[in-house]
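Structural features, examined
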Amino acid sequence: MADSSATAGGARAADVDVVVVGAGFAGLYLLHKLRGLGFRVQVLETADDVGGTWYWNRYPGARCDIPTTDYTYSFDPALETAWTWSEKYATQPEILRYAQFVADRYDLRRDIQFNTKVEAAHWDAAANRWRIRTSTDAKLSAQHLVMASGCLSVPKTPDIPGAGRFQGPVYSTGRWPHQGVDFTGQRVAVIGTGSSGIQSIPLIAEQAAQLTVFQRTPNYSIPAGNGPVAPERRAPLEANRDAYRLAAKWSRAGVPSEPTQIYGRYSPPDVHAERFEAAWKTGELIPILGVFADQILFPDSNAIVAGKVREKIRAVVHNPETAELLSPKDHHFGTKRPCLDTGYYQTYNRPNVRLVDLRRQPITSITETGIDVGGESMRFDAIVYATGFDAMTGAIVAVDITGRDGVTLKGKWAAGPITYLGLMSVGFPNFFMVTGPGSPSVLSNMMVSIEQHVDWISDCLVRLRSDGLSTIEPTPQAEAGWMQHSQDCAAITLFPSADSWYMGANVPGKPRVFLPYVGGVDAYRKACDEVVARGDLGLRRS
Ligand code: FAD
C-alpha cells in the first residue's frame, strides 16, 4: 500500500514507487505485476470502475474485433482456465465483466483511486521524483510514472458547426450512458461510419422509427460471422496453450498466423479469388489483411482485395446508388483499420434507414431540432456521434507532463510524437507509456502488446532497483534512430497515403505522422529484447 499522509492543505499526499494512469487492461496488469515485484503502486483512474475502453464504450453492438481466443490476458495460466468466453467476439458487457473479474481475482481495487483524473505531472529533478496533481486536488509523488491511459480513450469533439445547439438528447458512442438508451419510435441521426458506427447502426436501426446515417468516409467492413468459438479455432489453443501464446508473441500482429509469401501482383485471378474467399469466410481481420504478402505495399495488389470487398458490398445492398456510396474508394484496403460487422450493409436495405453522403452534402449546421444539410432541414429526436478518438497521443498530451528543464511533452511532440520504442521519451526520466506511439499498439492484438510492454517496463524497473540506480531515460541518438526506423518502415507501405486516425488525420490541427510502429509485433519484440540483452542499449541510467 502507498504511504499516505495529510498535507498542510488537507489534500491526500502519497509517495509511491510507481503511479499508473488508467485502470484498463494495461493499468490492471501493471498493478498486479509491479505489486508482485514488491513495488508500491498507485493507480489513478477517471472512471468509477475498472475496464477502460470496455467501461466507456457501452453503445449497442460494441464488441472486440480480435477473437476472444486471442483478446485475453495470457500472463497467468490459471486465469485463462478460470474464465470462458461465450463468443468468438464478445460483447462489451462480457469484456467489462472480465476486467472486473480480473480486478477481483487479484484484489486490485485497493490500490486504484477512482473518480480521479490526472491533470499534471512534473519532474522534480532535485528529488528525482514525479510530482503529480489530480482533479481531486490530491498530490502524489512517485519515482516512476506510467501512462496506461489508452490509445482510444479520448473521444474526438465533433467539429461540426452548431454542435451544442441541439435541444434533444445527444450521445457519444465513446461515452455511452450506463443505463442504455431506448430509441423505440424515434427519429435518430448517427454521425460517423467508423467501427463504432458500423457496430451500432444495425441495432439502432432495429429500434428507431427512422435512422439517418451521416457518412463522410465509407469504411471497408467484413462480416464477423459471430457465434460460439468454432472448435477448429479453439483446438490449437487447447492442444498446447503455451505454444499458442508463444506463437502469438512472435507473430506479426499478436495472433498466431503464417504470413503468406504469395504476391497479388504476380498471381493469377483464380488464386486471387480463392485466397480472398478463404480469408473472407474466416470473419477475422488478420487473414483479410494478409490475403497477399504485398497488399499493404503496392496499389495494384491492394486493389485486388479492395475491389473484391466492393463487389461484396454491391451484392448485399439493393439500391445501386447507396451501394456506391458505401463502397470505399478514397483509401487503400487496410490503411484504415477495417471493421467487422453484423448485418451492417444489410441495414441499408431497410425502409427506415437513409444514408446521407457528407462529401456531396456537407452539414451546414446542427440546429435546435435537427440537422441542416444541403438545403434540407431534417428533424431528429436524438443525435448519436460515432466520430472516433484523438488516438494514441490524445490521453497522454491531455496531461500537463513537464520533464527536465521545464520541457513539456506536448511541446516536444508539437510536430508529432517522438519516442524510443514507443515506451519512453528523452527529457522525461522514469516516464513510460504502454502501447505508446512508435510501438505496434493499435496495429496489433492489444492484449499481446499490453502484456509485452508491462513485462518490459517491470523488468526495467527491477534491473534499475537491483543495480542501485534511480533514473532511466533514453539517449537522443537512440530515440532519433528509432524514429527514423519507425518512419522508414511506414514509408514503404501504403499506410501514409490514407487520411486515417493512424495518421492523426481525423483531428483538425493534429500533425500528420504515422503513429504506430508497422514493423510487426515480432520484429518489435526482438528490438525490445535486444535493448535488454545489450545492457540497456540506448538508455542512460544513473
Ligand atoms: P484503455 O482501456 O483505454 O484504458 C485507459 C484508461 O485510462 C481509461 O479508463 C481512462 O479513463 C483512463 N485515463 C485516461 N487518461 C486519464 C487521466 N488523465 N487520469 C486518469 N485516468 C485516465 N483492441 C484490440 O486489440 N482488439 C479489439 O477487439 C479491440 N476492440 C476495441 C473496441 C473499441 C470500441 C475500442 C474503443 C477499442 C478497441 N480496442 C481493441 C482497443 C482497446 O482500446 C484496447 O484493446 C485495450 O482495451 C486498451 O487498454 P488500455 O488499458 O491500454 O487503455
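Look up: the structure comes first, before these words.
One structure accompanies this document, and this report is about it.

What about the overall build of the chain?
Helix and strand content of the chain: 17 helices and 21 strands. In terms of overall size, the chain behaves like a compact globule, its C-alpha atoms giving a radius of gyration of 23 Å where 542 residues would be expected to give roughly 24 Å. Projected onto the principal axes, the alpha-carbon positions of the chain cover approximately 70 × 55 × 45 Å. Carbon and sulfur atoms form 53% of the exposed surface of the chain, whose accessible area is close to 21,600 Å². The average position of the 54 basic charges and that of the 56 acidic charges among the side chains of the chain differ by 2 Å.

Some points on the packing of helix 15 (residues 446-466) against helix 17 (residues 521-533)
It is the contact of helix 15 with helix 17, at a shortest axis distance of 12 Å, that shows an interaxial angle of 0°. By the angle class used here, helix 15 and helix 17 are roughly parallel. In contact with Val448, Ser449, Gln452, His453, Trp456 and Arg463 of helix 15, helix 17 contributes Val521, Tyr524, Arg525, Cys528, Val531 and Val532. For the contact of helix 15 with helix 17, the per-class residue count stands at 7 nonpolar, 3 polar and 2 charged.

Thoughts on the environment of Gly427
Tracing the backbone shows Gly427 in the loop between helix 14 (409-412) and strand 19 (431-433). Its relative accessible area of 11% is what places Gly427 among the buried residues. Other than its neighbours up to four places away in sequence, Gly427 contacts Gly403, Arg404 and Glu473.

Examining the pairing of strand 13 (residues 353-357)
Burial of strand 13 is extensive: 4 of the 5 residues sit out of reach of the surface. Summarising the sheet, strand 10 (residues 210-215) and strand 13 pair through 5 bridges and their orientation is parallel. When the bridges of strand 13 are listed, Thr212 appears paired with Arg354.

Some thoughts on the pattern of salt bridges
Inspection of the entire model under this criterion finds 36 salt bridges. Measuring nitrogen to oxygen at the nearest pair gives 3.0 Å for the salt bridge that ties Glu87 to Arg63. Taken together, the positions of Glu87 in the loop between helix 3 (77-82) and helix 4 (92-105) and Arg63 in the loop between helix 2 (53-56) and helix 3 put the pair 24 residues apart, joining distant regions of the chain. Among the ionic pairs, Asp124 bridges to Arg131, the shortest N-O distance being 2.9 Å. A residue is classified by how much of its surface remains accessible, and Asp124, at 22% relative accessible area, is partly exposed. What you see here is one network of salt bridges that share partners, running through Arg35, Asp107, Arg110 and Asp111.

Structural notes on the site of the ligand
The full set close to the ligand counts 32 residues, and Glu45, Thr53, Asp65, Tyr71 and Met446 are the nearest of them. The separation between an oxygen atom of the ligand and a polar side-chain atom of Tyr71 is 2.6 Å. Considering the ligand on its own, with 980 Å² of exposed area, one finds that the protein chains cover 95% of that surface. When contributions to the shell around the ligand are tallied by element, the ones reaching two or more residues are helix 1 (25-36), helix 2 and helix 15. Here the shell around the ligand is built from residues that sort into 17 nonpolar, 12 polar and 3 charged.

Digging into unusual backbone geometry
Notably, Asn128 is not glycine yet its phi reads approximately 55°, a positive angle. One can find Asn128 in the loop between strand 5 (118-124) and strand 6 (129-134). For Leu421, which is not glycine, the phi dihedral falls at a positive 65°.

Description of the packing of aromatic side chains
In total, this model carries 33 aromatic pairs according to the counting rule given. Seen from their ring centres, Trp482 and Tyr524 are 5.9 Å apart, and the 65° between their planes marks the pair as edge-to-face. Note that Trp482 is positioned in helix 16 (residues 476-491) and Tyr524 in helix 17, a separation of 42 residues in sequence. A single burial state applies to Trp482 and to Tyr524, both of which are buried. An aromatic cluster of three or more residues is present, and its members are Phe25, Tyr29, Trp54, Tyr71, Tyr73, Phe75, Trp83, Trp85, Tyr98, Phe101 and Tyr106. One Lys or Arg, Arg58, reaches over the ring of Tyr55 and ends 4.8 Å from the middle of that ring. Above the plane of the ring of Phe298 lies Arg265, whose end atom (NZ or CZ) is 3.8 Å from the centre.

A look at helix 10 (residues 299-316)
A turn of α-helix holds 3.6 residues, and therefore any two residues three or four places apart point the same way. Taking 1.5 Å of rise per residue, the 18 residues of helix 10 would be expected to cover 26 Å, and the 25 Å separating its terminal C-alpha atoms lies within 8% of that figure. Ser301, Asn302, Ile304, Val305, Ala306, Gly307, Lys308, Val309, Arg310 and Ile313 are the residues of helix 10 that are buried.

Considering the nonpolar core
Membership of the largest hydrophobic core comes to 119 residues, with the highest contact counts inside it found for Phe25 and Trp456. Per element, the largest residue contribution to this core is 9 residues, and it comes from helix 15. Core analysis: the second largest hydrophobic core is formed by 23 residues, Ala14, Ala121, Ile401 and Trp413 among them.

Things to note about the sheet that holds strand 13
Strand order across the open sheet formed by 5 strands is 8-17-9-10-13, with parallel pairing between neighbours. Whereas interior strands pair on both sides, the edge strands pair on one side only; in this sheet they are strand 8 (170-172) and strand 13. With direction set aside, neighbouring strand axes in the sheet form an average angle of 20°. Bridge analysis of strand 9 (residues 187-191) against strand 10 gives 5 bridges, and the strand direction is parallel.

Points about the sheet that holds strand 14 (residues 363-366)
Strand order in the open sheet formed by 3 strands is 14-15-16, with antiparallel pairing between adjacent strands. This sheet does not close on itself; its edge strands, each paired only once, are strand 14 and strand 16 (376-379). Between one strand and the next, the sheet's axes are offset by a mean angle of 20°, whatever the strand orientation. Of the pairings in the sheet, the one linking strand 14 to strand 15 (residues 370-373) comprises 3 bridges and is antiparallel in character. Across the sheet, the residue bridging to Ile363 is Val373, located in strand 15.

A word on helix 5 (residues 195-207)
Within helix 5, the axis deviates most sharply at Ile201, by approximately 35°, and proline Pro202 lies no more than four positions further along. Restricting attention to buried positions, one finds in helix 5 the residues Ser196, Gly197, Ile198, Gln199, Ser200, Ile201, Pro202, Ile204 and Ala205.

Focus on the environment of Glu311
With respect to the helices and strands, Glu311 occurs in helix 10. You can call Glu311 partly exposed: its relative accessible area is 48%. Remark: the alpha-carbon pair of Glu311 and Ser327, spanning 16 residues in sequence, is separated by 8.8 Å.

Analysis parameters
- Residues numbered from 1 in each chain as written.
- Predicted model: local features only at pLDDT ≥ 70, side-chain atom pairs only at ≥ 80, totals over all residues.
- Heavy atoms only, no water.
- Helix = DSSP H or I, 4+ residues; strand = E, 2+ residues; numbered from the N terminus.
- Rg over C-alpha atoms; globule rule 2.2 N^0.38 Å.
- Areas by Shrake-Rupley, 256 points an atom, 1.4 Å probe, with all protein chains shown as cover.
- Lys, Arg positive; Asp, Glu negative; His and termini not counted.
- Charge placed at Lys NZ, Arg CZ, Asp CG, Glu CD.
- Axes fitted to C-alpha atoms, helices over the stretch in contact; angles between N-to-C directions.
- Parallel < 35°, antiparallel > 145°, perpendicular 65-115°, else oblique.
- Contact = heavy atoms within 4.5 Å.
- Nonpolar A, V, L, I, M, F, W, Y, C, P; charged D, E, K, R; others polar.
- Buried < 20%, exposed > 50% of the residue type's maximum accessible area, 1.4 Å probe, protein only.
- Pairing = 2+ DSSP bridges.
- Salt bridge = Lys/Arg side-chain N within 4 Å of Asp/Glu carboxyl O.
- Near = heavy atom within 4 Å.
- Polar contact = N/O pair within 3.5 Å; in protein donor to acceptor, adjacent residues only side chain to side chain.
- Phe/Tyr/Trp six-rings, centres within 6.5 Å; stacked < 30°, edge-to-face > 60°.
- Lys NZ or Arg CZ within 6 Å of the ring centre and 35° of its normal.
- Expected span 1.5 Å × (residues − 1).
- Core = buried A, V, L, I, M, F, W, Y, C linked by side-chain atoms within 4.5 Å.
- Bend = angle between axes of the 7 residues up to and from the residue.

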